[in-house]
Amino acid sequence: MAKLIYVTNVSLDGYIEDERGAFDWFPIGDEVFAFHTDLLRSVGTFLYGRRLYEAMALWETDRALAAQSDLAADFANAWQAASKVVYSTSLTEVSTADTRIERRLDPAAVRELKAAASSDLTVGGANLATQAFGAGLVDECQLMVLPVVVGGGKPGLPTGMRTDLELLDERRFRNGVVHLRYRTLAR
């Protein structure tokens, strides 16, 4: 059975967006960018909330992004190769290939996706991830912790619920970013 992995970038104080809704403080760098691309390449399906989908769809709809460098082209190719499921009550159409809209996260349907998948799935977007954690769907949590404290904003991890984790792996990048990979533990 495939795993459902929550992957996100967070500030050191745990936020994916600052108080203005911005996330322009990410010190990506080539090494981290290549790492993200390798992670994407191993995923068969992305489960997205609407806002994250709209931000990521640019990797298919804006050809100038992929034209910036070989690394960007590789990332765009890896992103486009996966299927996408967008969970939204307001979106009426999608702008990318191999993408479908679902109105709500149905835990039974996600379990069926995991059971039928030949490669892992990721869940992205803090609100959608919170629903997936709450339904017991998340098998792994992978955080790219960035060397910045933003002081507030949108939390990257669910609030108001407990999830026990076991550290599986860690990696430190030259620019101060740390990748942490955890397995969720059953309670």
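Small disclaimer: the values here were computed from a predicted structure and weren't measured. (Residues numbered from 1 in each chain as written. Predicted model: local features only at pLDDT ≥ 70, side-chain atom pairs only at ≥ 80, totals over all residues. Heavy atoms only, no water.)

A word on the nonpolar core
Taken as a class, soluble globular proteins show a tendency for nonpolar side chains to be buried jointly. Counting residues in hydrophobic clusters, the biggest one holds 23 residues, and the most contacted among them are Leu 4, Tyr 6, Leu 47 and Val 123. Sorting the residues of this core by element identifies strand S1 (4–11), strand S4 (83–87), strand S6 (120–124), helix H7 (126–134) and strand S7 (140–146) as the ones contributing at least two each. At five residues, H7 tops the list of elements feeding residues into this core. Core analysis: the second largest hydrophobic core is formed by 18 residues, Phe 46, Tyr 53, Phe 75 and Val 86 among them. (Core = buried A, V, L, I, M, F, W, Y, C linked by side-chain atoms within 4.5 Å. Buried < 20%, exposed > 50% of the residue type's maximum accessible area, 1.4 Å probe, protein only. Helix = DSSP H or I, 4+ residues; strand = E, 2+ residues; numbered from the N terminus.)

As for the pattern of salt bridges
In the structure shown here, the tally under the stated rule is 15 salt bridges. Across the salt bridge formed by Arg 51 and Glu 17, the nearest N and O atoms sit 3.0 Å from each other. Here Arg 51 is found in helix H2 (residues 50–56), whereas its partner Glu 17 is found in strand S2 (residues 15–17), with 34 residues between them in sequence. With relative accessibility at 45%, the residue Arg 51 sits in the partly exposed group. Owing to a relative accessible area of 11%, Glu 17 belongs among the buried residues under this scheme. Between Glu 31 and Arg 174 there is a salt bridge, with its nearest N and O atoms 3.7 Å apart. Of this pair, Glu 31 sits in helix H1 (residues 29–41) while Arg 174 sits in the loop between strand S9 (165–172) and strand S10 (178–184); the two residues are 143 residues apart in sequence, bridging distant segments of the chain. Owing to a relative accessible area of 76%, Arg 174 belongs among the exposed residues under this scheme. (Salt bridge = Lys/Arg side-chain N within 4 Å of Asp/Glu carboxyl O.)

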